[in-house]
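Report on the structure
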Amino acid sequence: MAENSSGKAVVLRHGTVLTMDVNRQVLTDADVLVVGDRIAGVGPNLEAPPGAEEIDATGGIVMPGMIDTHRHMWQTAMRGYGADWTLTQYFVWYYLEHGRTFRPEDIYAGNLLGAIEAIDAGVTTTVDWSHGLQSVDHAAAAVQALQEVPARFVLAYGNIQAAPWDWTAQPEVRRFLEQRRDAADDRLSVQFAFDVTGDPTFPERPAFEVARDLGLPVTTHAGVWGATNDDGIRLIHENGFATPETVYVHAATLSEDSYLRIAASGGSISVSTESEQSAGQGYPPTWQVRRYDIPVSLSMDTSVWWSGDLFSAMRATLGADRAREHLEAHVAGETVTSAHLRAEHVVDWATRGGAQALGRDDLGRLEVGQKADLILIKNDNSPVSFPLLNPYGHVAFQAQRADVHTVIIDGQIVKRDGHLVGVDLAKARSAVESTVEYLRSSMGEEVWQAGMHPDLPSDDKVLDNPYTYTDFRTAATREARESIFGEAASS
Ligand SMILES: [Zn+2]
């Protein structure tokens, strides 16, 4: 993958360039030159080598490829199925009831689709938080999918069907991880993914020791209401396993002590705002981790509920952070007149923040010598593409997946003029269809439907109203409301 798909240099001309360098320099009417797998120039009127492919970035935004530090890619095969779940329903479905039904080919199917989806959305590096690996055959299938898609991935090896101290002790798992570690390159690397329950005997110690032994980082779901808490953070920290490479996912329901420990050990937090907002891990924590100066990256968690694009992550994170800041102020009878979190901050977390979390100093910025992972956001057919006044605000609040015009990864064009290049979407479609068919038939229709439609709580009553209703509600709207919310709604 040293060269782009046509074997030529590429130059993007006349764009608004978000360099995401240390000064967050924004260049207008500027070019970005890619030669081989590196960025060879950033600035106005660059001279390009003869035969370089020219891409017109006029009216568009050129920025580093985005980095998602926590995706359960295998779950992409169940896209949207759990839209109405809570975390409890998710745990029951995957951890207790159906997660073990997934075969290696089902892991492959989800990963393949998730990987393609990432490219399409301008996500050039993804941590595959792969906790459905019941066997090394499942793990090999996960890797196979990641190798078929020309983007960067970190396989975070996990297994929710066994305790971390059990599966990490299996010789074949160790052999697999050693092989992956030794074969790792800047496109596909490996680490550990497991959670720490807070059991005072710290049974996870041997799992951390295996990771340390193999020289591989650990990522962990932390501060998840009802699942992981301050005790887990304290145990990781007190036992010397909190390192700068440790990525704490969610980190929502935690006390000051935990944030101080994370900050002091140099670790970072992966915030999945869409997830925390609707599943119940705790309030999306950026509004408070800012105070501890903990590095932040963004993630989308899983497509079984949510979208897989970081535009949504940036938007949701800005919204949640500002909502909390306003709410806290209002509770104190005060008014926020200037918000702390800016659009440029979430763009930074979606790019540099991810690179920093993964220890990839060669990613996340558009500077000469950096790896050539970059995207062009441009859609001349969209009424939302102009005027382009505030480029960070445009990325965070206006742009969408369909506006990702060009994606370059490792110097290779993988999306051109809005179309994926060299990616077999039909293969992913057929693999996912087989997986859905298999799961649905082995579960049976009733269980399948029940899983998708959790029971509504029965206490959804409209309050008694001392005022007299005018007759603006027609019978039809009353009926519609009843059909959605039940009889109680109209009483
Ligand atoms: Zn997760």
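Please read these numbers as outputs of a predicted model, since none were measured by experiment. Throughout, a residue's number is its position along its own chain's written sequence, starting from 1. Selection of residues for local features in this predicted model requires a pLDDT of at least 70, selection of side-chain atom pairs for listing and counting requires 80 or more, and totals for whole chains, interfaces and linings are taken over all residues. In computing side-chain values, all of the structure's heavy atoms are included and hydrogens and water are not.

Of the regular secondary structure elements, the protein holds 16 helices and 17 strands. Overall, the C-alpha framework of the protein stretches about 75 × 65 × 50 Å when taken along its three principal axes. Relative accessible area decides the class of each residue, using a 1.4 Å probe on protein chains only: under 20% of the type maximum gives buried, over 50% gives exposed, and in between gives partly exposed. Every one of the 491 residues in the protein was classed for burial, and the buried ones make up 53%. Think of it this way: Lys and Arg go in the positive column, Asp and Glu in the negative one, and His and the chain ends go nowhere. Every charge is mapped onto a representative atom, which is NZ of Lys, CZ of Arg, CG of Asp or CD of Glu. Placing the 39 positive and 68 negative side-chain charges of the protein at their respective mean positions leaves the two points 2 Å apart. Helix and strand assignments follow DSSP, with helices taken as H or I runs no shorter than four residues and strands as E runs no shorter than two, numbered in order from the N terminus.

Another aspect to go through is the packing of helix H11 (residues 310-331) against helix H13 (residues 391-398). It is at 7 Å that the axes of H11 and H13 come closest, and there the two elements cross at 100°. Judged by the inter-axis angle, H11 sits roughly perpendicular to H13. Between H11, through Phe311, Met314, Arg315, Leu318 and Arg322, and H13, the contact on the second element is made entirely by Val395, Ala396, Phe397 and Gln398. Comment: axis = line fitted to C-alpha atoms, over the contacting stretch for helices; angle = value between 0 and 180 degrees taken between N-to-C directions. The labels follow the angle: roughly parallel below 35 degrees, roughly antiparallel above 145, roughly perpendicular from 65 to 115, and oblique for the rest. Contact definition: two residues touch when any of their heavy atoms are within 4.5 Å.

Protein-derived coordination of the zinc ion comes from His70 (NE2), His72 (NE2), His221 (NE2) and Asp301 (OD), at a distance range of 2.1 to 2.7 Å. Coordination at the zinc ion is irregular: its 4 donor atoms span angles of 79 to 175° at the metal. Spacing between the donor residues of the zinc ion along their common chain follows H-x1-H-x148-H-x79-D. Pair noted here: His72 is in the loop between strand S6 (66-71) and helix H1 (87-98) and Asp301 is in the loop between strand S13 (296-298) and H11, with a separation of 229 residues, a long-range link. With water excluded from the atoms, a metal site may look incomplete; its donors are any N, O or S atoms within 2.8 Å, or within 3.2 Å for Na, K and Ca. Geometry is assigned from donor-metal-donor angles: four donors are tetrahedral when every angle falls between 85 and 135 degrees, four are square planar and six octahedral when opposite donors sit over 155 degrees apart with all other angles between 65 and 115, and any other arrangement is irregular.

Mapped onto the secondary structure, Thr435 falls in helix H14 (residues 425-443). With sequence-adjacent residues up to four places away left out, Thr435 is seen in contact with Ala77, Arg103, Glu105, Asp106 and Ala109.

Time to look at the nonpolar core. Looking at soluble globular proteins, one finds that nonpolar side chains tend to be buried together. In plain words, nonpolar cores are sets of buried Ala, Val, Leu, Ile, Met, Phe, Trp, Tyr and Cys residues tied together by side-chain atoms within 4.5 Å. In this structure, Tyr94 and Phe192 are the most contacted members of the largest nonpolar core, which totals 107 residues. Here the element with the most residues in this core is helix H2 (residues 104-120); it accounts for 9 residues. Excluding residues within four positions of it along the chain, Tyr94 makes contact with Trp74, Gln75, Met78, Trp85, Gly99, Arg100, Phe102, Ile160, Gln161 and Val304. Leu12, Ile39, Ala57 and Leu376 belong to the second largest nonpolar core, which has 17 residues in total.

This next bit is on the packing of aromatic side chains. Note on aromatic contacts: the rings of Phe and Tyr and the six-membered ring of Trp form a pair at centre separations within 6.5 Å, being stacked when their planes are under 30 degrees apart, edge-to-face when over 60 apart, and tilted otherwise. The final tally for this structure, using the stated rule, is 28 aromatic pairs. Aromatic side chains Trp74 and Phe102 sit 5.1 Å apart centroid to centroid with 85° between the ring planes, which places their arrangement in the edge-to-face category. Here Trp74 is found in the loop between S6 and H1, whereas its partner Phe102 is found in the loop between H1 and H2, with 28 residues between them in sequence. There is no split in this pair, since Trp74 and Phe102 are both buried. Following the ring pairs from residue to residue traces out a cluster consisting of Trp74, Tyr81, Trp85, Tyr90, Phe91, Trp93, Tyr94, Tyr95, Phe102, Trp305, Trp306 and Trp448. For a Lys NZ or an Arg CZ to count as sitting over a ring, it must be within 6 Å of the ring centre and within 35 degrees of the ring normal. Cation over ring: Arg103 sits above Tyr438, and NZ or CZ is 3.5 Å from the ring centre.

Next up on the list: the sheet that holds strand S8 (residues 152-157). Think of it this way: DSSP has to see at least two bridges between two strands before they count as a pair. Reading across from one edge, S6-S7-S8-S9-S10-S11-S12-S13 is the order of the 8 strands in this open sheet, with parallel pairing throughout. Two strands lie at the open edges of the sheet, namely S6 and S13, each paired on one side alone. Averaged over all neighbouring strand pairs, the angle between strand axes comes to 25°, with direction disregarded. Relative to S8, helix H3 (residues 136-148) is tilted by about 170°, and along the sheet it contacts strand S7 (123-130), S8 and strand S9 (188-193).

This brings us to unusual backbone geometry. The linkage connecting Phe386 with the following residue, Pro387, adopts the cis geometry, with an omega of -5°. Turning to its location among the elements, Pro387 is positioned in the loop between strand S14 (374-377) and H13. The backbone of Asp301 sits at a positive phi, close to 70°, despite the residue not being glycine.

Let us look at the confidence of the model for the protein. A score from 0 to 100, pLDDT tells how confident the predictor is in each residue. Chain-level statistics for the protein give a pLDDT mean of 94 and a share of 96% at 70 or above. In the predicted structure, residues 1-6 sits below a pLDDT of 50 and forms 20 contacts with residues beyond four places in sequence or in another chain.

Consecutive residues of a regular strand have side chains that alternate between opposite faces of the sheet. In terms of residue burial, strand S10 (residues 218-222) counts as a mostly covered element, since 5 of its 5 residues are buried. Going residue by residue along S10, you find Val218, Thr220 and Ala222 tucked away on one face and Thr219 and His221 tucked away on the opposite face as well. Alignment of S9 against S10, held across 2 bridges, turns out to be parallel. Paired with Ala193 across the two strands is Thr219, which belongs to S10. Two strands pair when backbone bridges link them, and S10 and strand S11 (residues 247-250) are joined in this way by 4 bridges, in the parallel orientation.

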